[in-house]
Amino acid sequence: MTEPDFDIDAFLARPLTAHVATSGPTVRPTWYLWEDEALWILTGPWTKLLGRVKADPAVAVAIGVCDIATGEVRQVIARGKAAVLPFDVPRGRRKLSRYLGADETRWDERFRRYLHDDPAERGTVWLRLRPSSLTATDLSYQV
């Protein structure tokens, strides 16, 4: 990886939306967690994403922000092979609280179920992408 234009860890710690591209090609928006130098995406048999990744684990993920009020325009693009791993509740809680806040009682029931249903029964898993390629570009401008 070349030297990034900005702090990738700080950027990816923000609750942004990732766009995951799989073979087909298909692209879908998703929430993610950047942890242990990997992108973690919660999924399961209720989505086409899991089947696509099992058939071909090569993925690309784009995460960007464009704020015309501040002039911030940044992007991170990750590429590599995604692994399907068992779901764990602590990581799930860290991921979901980034987007929904710390108070689980305020979350929609479907998000609470990810943490409290049996992941084996429901089929909840993680897609983990440890990027083989990670680029960060800052295209920001002065307003």
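Anything mentioned here points back to the structure above.
Everything numeric in this text was worked out from a predicted model, so none of it was measured.

1. Observations concerning the layout of surface pockets
Within this model, the largest pocket holds a volume of roughly 290 Å³. Forming the boundary of the largest pocket are 13 residues, of which Pro29, Thr30, Trp31, Leu42 and Tyr114 lie nearest the centre. Where the lining of the largest pocket is concerned, the elements lending two or more residues are β2 (26–30), β4 (38–43), α3 (89–100) and α4 (109–116). Looking at the lining of the largest pocket, the element that brings in the most residues is β2, giving three residues. For the lining of the largest pocket, the per-class residue count stands at eight nonpolar, three polar and two charged.

2. Examining the nonpolar core
Core analysis: the biggest nonpolar cluster contains 27 residues, and Phe11, Leu12, Tyr32, Leu39, Val61, Ile63 and Val76 have the highest contact counts within it. Breaking this core down by element, the ones donating at least two residues are α1 (8–12), β1 (18–22), β4, α2 (48–55), β5 (58–67), β6 (72–86), β7 (125–129) and β8 (133–138). For this core, the element with the most residues is β5, which contributes four residues. Among residues more than four places away in sequence, those in contact with Val76 are Phe6, Ile8, Phe11, Leu12, Val61, Ala62, Ile63, Leu134, Thr135 and Ala136. Ranked by size, the runner-up nonpolar core spans 11 residues in total, among them Leu33, Leu96, Trp107 and Phe111.

Conventions we followed
- Residues numbered from 1 in each chain as written.
- Predicted model: local features only at pLDDT ≥ 70, side-chain atom pairs only at ≥ 80, totals over all residues.
- Heavy atoms only, no water.
- 1 Å grid on protein atoms, 1.4 Å probe; cavity = no way out; pocket = protein on both sides within 12 Å on 5 of 7 lines; lining within 4 Å.
- Points joined across faces, edges and corners; volume = space filled by probe spheres on them.
- Helix = DSSP H or I, 4+ residues; strand = E, 2+ residues; numbered from the N terminus.
- Nonpolar A, V, L, I, M, F, W, Y, C, P; charged D, E, K, R; others polar.
- Core = buried A, V, L, I, M, F, W, Y, C linked by side-chain atoms within 4.5 Å.
- Buried < 20%, exposed > 50% of the residue type's maximum accessible area, 1.4 Å probe, protein only.
- Contact = heavy atoms within 4.5 Å.

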